[in-house]
Amino acid sequence: MAHHEETIWRPADLFSDKPNSYDDYALIVLNQPLELRASLYAKIWGNAVQKIAADGGANRVHELNKSGQGLELGVDLVIGDLDSITEEVRKYWENLNVEILHDSDQYSTDFTKAVNHIWTPNTQKSRNIIAIGGLGGRVDQGISVLHHLYMFQKDYDAGKMFLLSSEGITFVLKSGEHRIKARENFGDIGLGKHVGILPLKEPSVITTTGLEWDVTNWKTEFGGQMSTSNHVQEEWVTISTTKDVLFTIDFNTQPSK
């Protein structure tokens, strides 16, 4: 059944000094290079109320802390099957009294284990999640990350999930109406102009406003038509979709004053 209530998105709010729309989010660090500027990571860490490294993600945070950029980013928990975390890094976090939780379940990924630790059946309050991880490297790993976004975002009751890569931010638009603030900057980071609407799971029919190439009742599917490399034209973009689709927008790391 389609959602009739319009869902509002302000993705750049995640980078503000005092987030208003997403002021209670958890952070999951995946095992991917952390390639954004140090000041942005410091801001994201400062805004997060819970910070979890998914197995090898603990290595990535350690690398960033030892990179000479003056960062001391912490985590509250390292979770996973622990086949990727190095012995040096494990000792590093243990010396900081960080809990390291071994979950040997081979039918769930480390990403899943981290999400399940945040979105538990007993969770009383919704909590948004930022997952930090790139889409580079092996194709199957990149597709797996996007698959997980679909898998976790069954609805928005538990919270919204955002994938933060070194190139941009991606999230799932459930079937229904969406309004996205696509032009917004905070300090030296903001949203760029390149947008994609990807029907990764199944074909959808979409209607958009606020883009350079808007569409009306337009069927989109893999192997058919897709809205990729579209351009933001207005402050707010609206998207109506009959099925769940991925929305992605790139970063502008040198926004105009």
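Residues numbered from 1 in each chain as written. Predicted model: local features only at pLDDT ≥ 70, side-chain atom pairs only at ≥ 80, totals over all residues. Heavy atoms only, no water.

Visitor: Talk me through the nonpolar core; I want residue IDs and the actual numbers.
Guide: Residues Phe15, Ile44, Val78, Trp93, Ile132, Leu164 and Phe247 are the most contacted members of the largest nonpolar core, which totals 54 residues. Tallying contributions element by element places helix α1 (residues 38-47) first for this core, with five residues. Setting aside residues no more than four positions away along its own chain, Trp93 makes contact with Ala58, Val61, His62, Asn65, Leu73, Gly74, Val75, Val78, Val98 and Ile100. Counting residues in each nonpolar core, the second largest holds 24 residues, with Ile28, Val145, Tyr150 and Leu198 among its members. (Core = buried A, V, L, I, M, F, W, Y, C linked by side-chain atoms within 4.5 Å. Buried < 20%, exposed > 50% of the residue type's maximum accessible area, 1.4 Å probe, protein only. Helix = DSSP H or I, 4+ residues; strand = E, 2+ residues; numbered from the N terminus. Contact = heavy atoms within 4.5 Å.)

Visitor: How would you explain the pattern of salt bridges if you had to name every residue and give the values?
Guide: When the charged atoms of two side chains lie near each other, side chains of opposite charge can form a pair. Evaluation of the coordinates by the stated rule reveals 12 salt bridges. The salt bridge involving Lys181 is made with Glu184; its shortest N-O contact spans 3.7 Å. Residue Lys181 is classed as buried on the basis of its relative accessible area of 14%. Classification of Glu184 as buried rests on a relative accessible area of 10%. The network of salt bridges with common partners includes Arg10, Lys181, Glu184 and Glu235. (Salt bridge = Lys/Arg side-chain N within 4 Å of Asp/Glu carboxyl O.)

Shape is all these values report; function is a separate question.
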